[in-house]
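Below are the chains, spelled out letter by letter.
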Amino acid sequence: MPTSRTHYVSQFGDDATAQRGKSYRPYRTIAAALAAYTPGDLIHVLPGLHRLTEPIHRDGYLVPVTLTRANGVVTVTVEEPHGCSAGHRLCAGYTNGFDGELVVHEVLSPTAFTCLQAGPDATDNSQQGILSELLAIHCEHGVELRQDGDWAVFEEYDVPGYISVTGHADIHAAGAGPAVNGTGLLYRIQCANIRKLSAATLGPAVSGANVHLEVQHEIMSINYDAIMSLGGTNHIRARSIVGKDNAIELGNAMVPESTFIEADELVGGQAAVRIPGGTFAAAGSRAYIRAKRIIGASAFVMGSATTRDYELFLDADEMIGRDAPAVVWAANAPHVAVRLNCRRITSQFADPSGYAIALNGTNRLQLHGSPALLTTPAPAYSVYASSATDLVSFGTLRVAKPVHGNVTVRVGAVTIDATHVV
Amino acid sequence: MTLPAILAAAHRAAAAVHGVACTYTRGAASVELTALRGQTRFEAEDEEGVVTQFVSADFLVLAADLALNGAETAPMKGDRILCDDKTYEVLRLGGEQCFAADPTGTRLRIHTKQVAE
């Protein structure tokens, strides 16, 4: 809601005469509004074509703070309006004193609030601190947030704060970085009701941590993964998620993640959903992905040997592998648990290796929903599992060809039906 | 593979499983297509604040397949699609275009409503 702390931006505005809180004195450029912005302000971008020449981001800033602690509650007083509200996180201090992480508990006044400690122990009660930086941008219909450099929406590493972009905006990054990049775990980026979100060159469209996105049309990376390396808590909805490499690459962050992604379709040039190999251990990471169609060279790939601890729930009507098995488990990955709830798993690869599911090494793959496994006539098996593997199905497994390897069917049986040929 | 080629391959892969055959017509010209079905929800608010919601019957097609009289064309309001013995008319809803293209222009989402059995 526009307030006296709103900076208006219009293509008919004038940076030289603009005034905060006055819609009839708007800025011409978003950059000028950003320069005048202080924590807690709102930047309201009026209809028109706006091009960003700088990414939307704000550095954290140092202000003198006084911290007092009693009974586990830290009271923070500052010399400037803090712009914090309950639930915001506070990273207190670079120095060797108070280095804990705090969560704002109660706002006492514009210059004071109390916190509960969430991070390591605090030993000093009088240090410089970095306060949450709040930035809100509302874009009305027709606005284009386009960045010719790396990032269109970006936050500083490990600076606590919040960016919110709402409205009918198109977000596009033409450089090497992601269109939306949340690299700091203390930060939260929220983009609601965005029309399209894309990255053109080398970067993914979305990366980082604590990213909340609502996109009406596509999240697309023209030369890379559409979504990759998420950490923290992420919530992403879009109609289509399309990546030249993968639509979604999971489990590649050095910090745990809790990710929810929902889309009509996921499309990848390689895999639609992929957990790559590696040795990062992000204990407790999990993701839930729901899509009507998941289509790639393979629909899902579990990469090479990994020691990650990861739990994936993949819920789809249709999983299609165009040029390989639809589901591939490449090597030992006993720490990764994957549950597929799907109606049809199809490989359209007209090759003897075009199985619906191909498994190698130790795995924790479960099938739910009694999927039909479809293949072309070329492969001899619908499922090919090497001897060390075990596939567990919690429902009837409907196949056209025999199954090679160890398969445990908890409910129902393996039914062979020649109609499951594409 | 380029991104447009990936999108086209994905469309054909999905259409092979649950695509629908339809005939796209403009006047006397027509072309046979395989489309994917979908829907889009639109909202319109009048001066009194009453919000009306529309749901369009969408047809997803490859732009390259939509060729009338041998020339690739964009959907136009009033065009018709015959599918499963039902007739749909291309229309604009919510002030938007009658179709949406992905950023590469490979696929089109055509908004329609059913006008006849």
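Residues numbered from 1 in each chain as written. Chains lettered and ligands numbered in written order. Predicted model: local features only at pLDDT ≥ 70, side-chain atom pairs only at ≥ 80, totals over all residues.

The subject of this paragraph is the overall build of chain B. Helix and strand counts for chain B stand at 1 helix and 9 strands. Listing every helix and strand of chain B by position from the N terminus yields α-β-β-β-β-β-β-β-β-β. Scaling as 2.2 N^0.38, a compact globule of 117 residues should have a C-alpha radius of gyration of about 13 Å, and chain B matches this with 15 Å. With the principal axes as the frame, chain B shows a C-alpha extent of 50 × 35 × 25 Å. Across the 117 residues in chain B, those meeting the buried criterion constitute 30%. If you take every contact in chain B between residues at least 6 apart in sequence, the share linking residues at least 24 apart comes to 54%. (Helix = DSSP H or I, 4+ residues; strand = E, 2+ residues; numbered from the N terminus. Rg over C-alpha atoms; globule rule 2.2 N^0.38 Å. Buried ≥ 20, exposed ≤ 12 C-beta atoms within 10 Å, placed from the backbone. Contact = placed C-beta atoms within 7 Å.)

Below, the discussion takes up the overall build of chain A. When you go through chain A residue by residue, the secondary structure sums to 1 helix and 36 strands. Within chain A, the proportion of its 422 residues that are buried is 53%. Within chain A, contacts between residues separated by at least 24 positions form 64% of all contacts whose residues are at least 6 apart in sequence.

Residue and element names in this part refer to chain B. Over its 16 residues, helix α1 (residues 3-18) extends 22 Å from the first C-alpha to the last, a length consistent with the 22 Å expected when each residue adds 1.5 Å. Turning to α1, its buried residues number three or more, namely Leu 3, Ile 6, Leu 7, Ala 10, His 11, Ala 13 and Ala 14. Along the long axis of α1, the arc covered by the buried residues comes to 165°, so they all point the same way. (Expected span 1.5 Å × (residues − 1). Arc of directions from axis to C-beta.)

Right, let's get into the nonpolar core. Residue and element names in this part refer to chain A. Ranked by internal contacts, the top residues of the largest apolar core, which has 109 residues, are Val 273, Ile 357 and Val 383. Top contributing element to this core by residue count: strand β19 (residues 227-243), with 7 residues. Discounting chain neighbours no more than four positions away, the residues touching Val 273 are Ala 247, Ile 248, Leu 250, Leu 266, Ile 289, Ile 294, Ala 299, Phe 300 and Leu 314. In this structure, Ala 18, Ile 30, Ala 33 and Val 45 belong to the second largest nonpolar core, which totals 11 residues. (Core = buried A, V, L, I, M, F, W, Y, C linked by C-beta atoms within 7 Å.)

On the chain B side, the residues contacting the 18 residues of chain A number 13 residues. For the side of chain A that touches chain B, the secondary structure elements donating two or more residues are β15 (196-199), β18 (218-221), β23 (285-296) and β25 (310-321) of chain A. Its residues assigned to classes, the side of chain A that touches chain B shows 7 nonpolar, 5 polar and 6 charged. (Nonpolar A, V, L, I, M, F, W, Y, C, P; charged D, E, K, R; others polar.)

All names here are of chain B. When pLDDT is averaged across chain B, the result is 90; 100% of the residues are at 70 or more. Looking across chain B, the model is least confident in strand β5 (residues 71-72), with a mean pLDDT of 87, and most confident in strand β7 (residues 86-90), with 97. Overall fold confidence (pTM) sits at 0.78, and the ipTM for the predicted complex is 0.89. (pLDDT = per-residue confidence, 0-100.)

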